[in-house]
Amino acid sequence: MDSAVSHSIKRMSPLMHKVALLKLLFVLANGVGSFAALFMNRHFALADAELATTVSLMIISYLAGNLLGGQLPGRVGSRILLLGCSSTALLALLGSLLPILPIAIAMILLFMFSAGAITPLFSVMTAQAAPSGDQVGAFAYLHLASNAGGVLLFVVGGVLLSWQSQYLLWFTAAISLVCLVTSATLALPISGSHLDTKDTQLKAKDVPIPAAVILAGMIFFVLSLLDGQREYQFPLWLGALGAGDAAHLFGVAGIVNGLLVIVLTRPLIALSRRWSAMVNMALAAICYGIGFGAYALVDTWPAILLLVVVWTLGEIIGITYMATLIAQRAPVSRQGFLFSLIPVIQAAARVLCVTLAVPMLDSLGFSVTWTAFGCVGVIFGMTCLFLRRARSDH
């Protein structure tokens, strides 16, 4: 397996390394979004209701930008998009320093919109820069770069925010400037001439999205529903355990999750590429089911972290093969839009997760809720594998 991983790394084209670098930098530049509630509370001293509304608007702005960004690749050049979004982000961050609260918050929302608008482009560029026959490895590499940026941001941003909220703002502005310069200087994948792209769009306008991609999207929604447990039940459960400060424990689990993605992505993809995307997404559901469902049986910190490893496997497999399937099966003119739907699906599924979990926790408690979600993951994954096997036999 190690030799396969090493070979996969060597096969990545120089352009793919540059796409990964840009992804890491843009993730690192989204400090305001990653620490949204804590940053907005400390920087603007908002009341609880105002804070909840503002954070909700930040999420909506990000998703709206994401949907718009999914329509732009092929219509606007990659470099223009990168320069436009990074310069808008930088100006918005500087504008948020103004002492007028409504303007400052509006600038934060503009920053979130630009952060969302640029996100689908990285998946599109990955599809363009991926080595021949290794799109799975390329998207795994992109996910690895994203998590590397997230871990760095979690560590550096957390320290800066603990000192003063303005330090995080200046750090984010500085990284946005680095993104602007890097976007202007790095060589980027070439998707073809504007006329060729426009002609391709016209020809593919009426081409339906393949059923396999739609089916994968439905499976990915279930995976995102299961993944949503980490953001609601998990931190609440850590607090209820009384094993220490819940915020600290949750932060440690987040860092472990990010490091595991960095360490395990390549060997895991090297192992799993022998199976189809659908099979791997079914296995991801099983990993989520076991990883979170087993929390009903444990209460010690080593066991908790061991299960973080299990559901992290589901995260790596799920997002990698969803993106790969879009790149392999969807019409080129639809790929940007489909990539932009990934975070929208994740957000919608997490909202549903919280909606289901709140009454379950109130009436049934943590153990039954963990068990119920765990059974859903395992049964769903096993069902998908069984249907896939039956179809293959037929």
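The rules we used
- Residues numbered from 1 in each chain as written.
- Predicted model: local features only at pLDDT ≥ 70, side-chain atom pairs only at ≥ 80, totals over all residues.
- Heavy atoms only, no water.
- Helix = DSSP H or I, 4+ residues; strand = E, 2+ residues; numbered from the N terminus.
- Buried < 20%, exposed > 50% of the residue type's maximum accessible area, 1.4 Å probe, protein only.
- Contact = heavy atoms within 4.5 Å.
- Disulfide = S-S within 2.5 Å.
- Phe/Tyr/Trp six-rings, centres within 6.5 Å; stacked < 30°, edge-to-face > 60°.
- Lys NZ or Arg CZ within 6 Å of the ring centre and 35° of its normal.
- Salt bridge = Lys/Arg side-chain N within 4 Å of Asp/Glu carboxyl O.

**Some remarks on the environment of A296**
Piece 1. Following the sequence through the fold, A296 ends up in the loop between α14 (277-293) and α15 (301-329).
Piece 2. Exposure remark for A296: the relative accessible area of 22% places this residue in the partly exposed category.
Piece 3. In this structure, the C-alpha to C-alpha distance between A296 and A372, residues 76 residues apart in sequence, is 9.7 Å.
Piece 4. Other than its neighbours up to four places away in sequence, A296 contacts S367, W370 and T371.

**Focus on the state of the cysteines**
Piece 1. Going through the model one piece at a time under the given rule, you end up with 0 disulfides.
Piece 2. With no disulfide of its own, C179 lies 11 Å from the sulfur of C85, the closest cysteine sulfur.
Piece 3. Cysteine C375 shares no disulfide, and the gap to the nearest cysteine sulfur, in C353, comes to 15 Å.
Piece 4. Assessed through its relative accessible area of 39%, C375 is described here as partly exposed.

**Thoughts on the packing of aromatic side chains**
Piece 1. Summed over the entire model, instances satisfying the criterion amount to 14 aromatic pairs.
Piece 2. Relative to W370, the ring of F292 has its centre 6.0 Å away and its plane inclined at 5°; by these criteria the two rings are stacked. Of the two residues, F292 is situated in helix α14 and W370 in helix α17 (residues 366-393); the sequence distance between them amounts to 78 residues. Of the two residues, F292 and W370, neither departs from the other in class, the shared state being buried.
Piece 3. It is R274 that lies over the ring of W275; its NZ or CZ is 5.8 Å from the centre.

**A short note on the pattern of salt bridges**
Piece 1. In the structure shown here, the tally under the stated rule is 3 salt bridges.
Piece 2. D227 is paired through a salt bridge with R230; the nearest N and O atoms lie 2.6 Å apart. This pair shows no difference in class: D227 is buried, exactly as R230 is.
Piece 3. A salt bridge links E315 to R230, with the shortest nitrogen-to-oxygen separation between them at 2.9 Å. Separated by 85 residues along the polypeptide, E315 in helix α15 and R230 in the loop between α11 (211-227) and α12 (233-241) bring together distant segments of the chain.

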